[in-house]
Amino acid sequence: MKSKYFIYILLTVLTFGSCTKEEFEKQGPKRTVLVYVVASNLGSYINKNIDSMISVATPKNLNGGNLIIYYSKSDKTAELYQIKEGSNGVVTKHHIADYTNQSAIDPEVMRSVINKVVTDFPAESYGMIFSSHGTSWLPSGYNKMLKSFGEEGGKNMEIYELAEGIPDEYHFDFLLFDVCSMGGVECVYELKDKADHIIASPAEVIAAGFPYQTILPYFFEKNVNLEGIAKGFYEFYKNNESPYGCIAVTNTSELDNLAAITKEIISANGGEDGIYSLPLGEIQTLSYLPSAPTRLYDFSDLIKHLATDEQYARFTACMDKAVTNRYSTDYIYCTKGGTTKVDTFSGLSIYPPQEKLTQLTDWYRNNTQWYKAVYK
């Protein structure tokens, strides 16, 4: 296969001068990116994000690719459309399909949307952007105000349902979460088989979201410009009137190694009992959401309180391979507690099981792949 592919590329190069525009178009787009929106009460902010995309979605910036939006206003109405340049040279929305009476937070609906987009807009590779509310892995059943991803009519999507909603037959170049607190190690581990990279914040994302007017072209480069996306997010918030934001890029191929060293360290320190004794007040907080029963803490800072120097050195080496890009402003925003000083930032948050939170910890044990990989 590799030799045939090389010959094909060589012939393409040799005949470049005689290729017509139509012949190049037949080769297909390089990347299709699907933006999956569950608007809830964020509609006005998300609409501004989409306007920002439209402002820069020129054929050059899309690099021959497709930008598709699935926009769900509620479980009553949704639309699928493409952002592209029209025959008049103006970039705008091009309607594809309308949907009624379907829930965007139903895994079957998500799979059907992804299947349609991949079928109708085939490309060499794919990426996906999620835009909505989020609370890391925290379960909707624990408290009606908690939701892993999405908010629709008071109903929510659990982290394992989100994984079910992304078909196994497709492997994405990246998943990006324009969503609060989805940069937890539990979240990225749950989704590790779905994409090469996951771009997410372990803290709250201010309602303005990502600066698509700056970073959109990076999604469509031959190799996704992960550094540009992360740095663009950081610089946007660093200079914002609300200068609160952190972001990280996770290389999912390294997460099993990260889980292995974490399991070694936790096991050597008494398992859950060792976690129970941690001085949580001394560990960096990254997320503390409304109605959440617990803070989420910086992963590396928590492990530092458990590990020997030798163990922590090996953990840090694994962490540096797993989290390839990380940026944080001096302060982040926690709805429950206001602004929080960032003294250490590894890029991922973690939940330490807590004896007093019996219901939540039981759910964590039974429903997260991270717990099964690290504690069992």
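Within each chain, residue numbers correspond to sequence positions counted from 1 in written order. With pLDDT at 70 or above as the cut-off, local features in this predicted model cover only qualifying residues; side-chain atom pairs require 80 or more to be listed or tallied, and sums for whole chains, interfaces and linings still use all residues. For side-chain calculations, the full set of non-hydrogen atoms in the structure is used, while hydrogens and water are omitted.

Enquirer: Let's hear about the sheet that holds strand E1 (residues 31–38): which residues, and what values?
Expert: In a beta sheet, neighbouring strands are held together by backbone hydrogen bonds and run either parallel or antiparallel to one another. Paired strands, as defined in this entry, are two strands with at least two bridges between them according to DSSP. By the criteria applied, helices consist of DSSP H or I runs no shorter than four residues and strands consist of E runs no shorter than two, each listed in order from the N terminus. One open sheet holds the nine strands; their spatial order is E4-E3-E2-E1-E5-E8-E9-E10-E13, and the pairing between them is mixed. Here the strands that pair on one side only, and so sit at the sheet edges, are strand E4 (91–100) and strand E13 (323–328). Geometrically, the sheet is characterised by an average inter-axis angle of 15° between neighbouring strands, direction not taken into account. The pairing of strand E8 (residues 172–178) with strand E9 (residues 195–200) spans four bridges and is classified as parallel. Bridged to Phe174 within E9 is His197. Throughout, a residue-residue contact means that at least one pair of heavy atoms, one from each residue, lies within 4.5 Å. Fitted lines through C-alpha atoms serve as axes, helices being fitted only where they are in contact, and the angles separating the N-to-C directions of these axes extend from 0 to 180 degrees. Seen against the sheet, helix H9 (residues 226–238) touches E8, E9, strand E10 (246–251) and E13 and runs at an angle of roughly 15° to E13. Where helix H13 (residues 309–322) meets the sheet, it contacts E10 and E13, and its direction lies at approximately 85° from that of E13.

Enquirer: Any chance you could break down the sheet that holds strand E12 (residues 296–298) for me, citing the residues and the numbers?
Expert: The three strands lie next to each other as E11-E12-E16, forming an open sheet whose pairing is antiparallel. The outermost strands of the open sheet, each flanked by one partner alone, are strand E11 (285–287) and strand E16 (349–350). Here two bridges tie E11 to E12, and the two strands are oriented antiparallel to one another. Across the sheet, residue Thr285 finds its bridge partner in E12, namely Tyr297.

Enquirer: I'd like a rundown of the confidence of the model for the protein chain, residues and numbers included.
Expert: Mean pLDDT over the protein chain works out to 90, with 90% of the residues at or above the 70 mark. Each residue gets a pLDDT score, which is the predictor's confidence in that residue and runs from 0 to 100. Low pLDDT (under 50) marks residues 1–25, which in the prediction has five contacts with non-local residues, meaning those over four places away or in another chain.

Enquirer: Could you give me a rundown of the packing of aromatic side chains, with the residues and numbers involved?
Expert: Only Phe, Tyr and Trp rings are paired, with Trp represented by its six-membered ring, and only when their centres lie within 6.5 Å; those with planes under 30 degrees apart are stacked, over 60 edge-to-face, the remainder tilted. Per the counting criterion, the structure on display carries 23 aromatic pairs. Aromatic side chains Tyr36 and Tyr70 sit 4.9 Å apart centroid to centroid with 25° between the ring planes, which places their arrangement in the stacked category. Within this pair, whereas Tyr36 is found in strand E1, its partner Tyr70 is found in strand E2 (residues 66–72), the two being separated by 34 residues in sequence. Think of it in three bands: residues with accessible area under 20% of the maximum for their type are buried, residues over 50% are exposed, and the middle band is partly exposed, with areas taken using a 1.4 Å probe on protein chains only. Among the residues examined, Tyr36 registers a relative accessible area of 0% and is labelled buried. On the basis of relative accessibility, which here comes to 0%, the residue Tyr70 falls in the buried class. For the ring pair Tyr70 and Tyr99, a centre distance of 5.7 Å and an interplane angle of 70° mean the geometry is edge-to-face.

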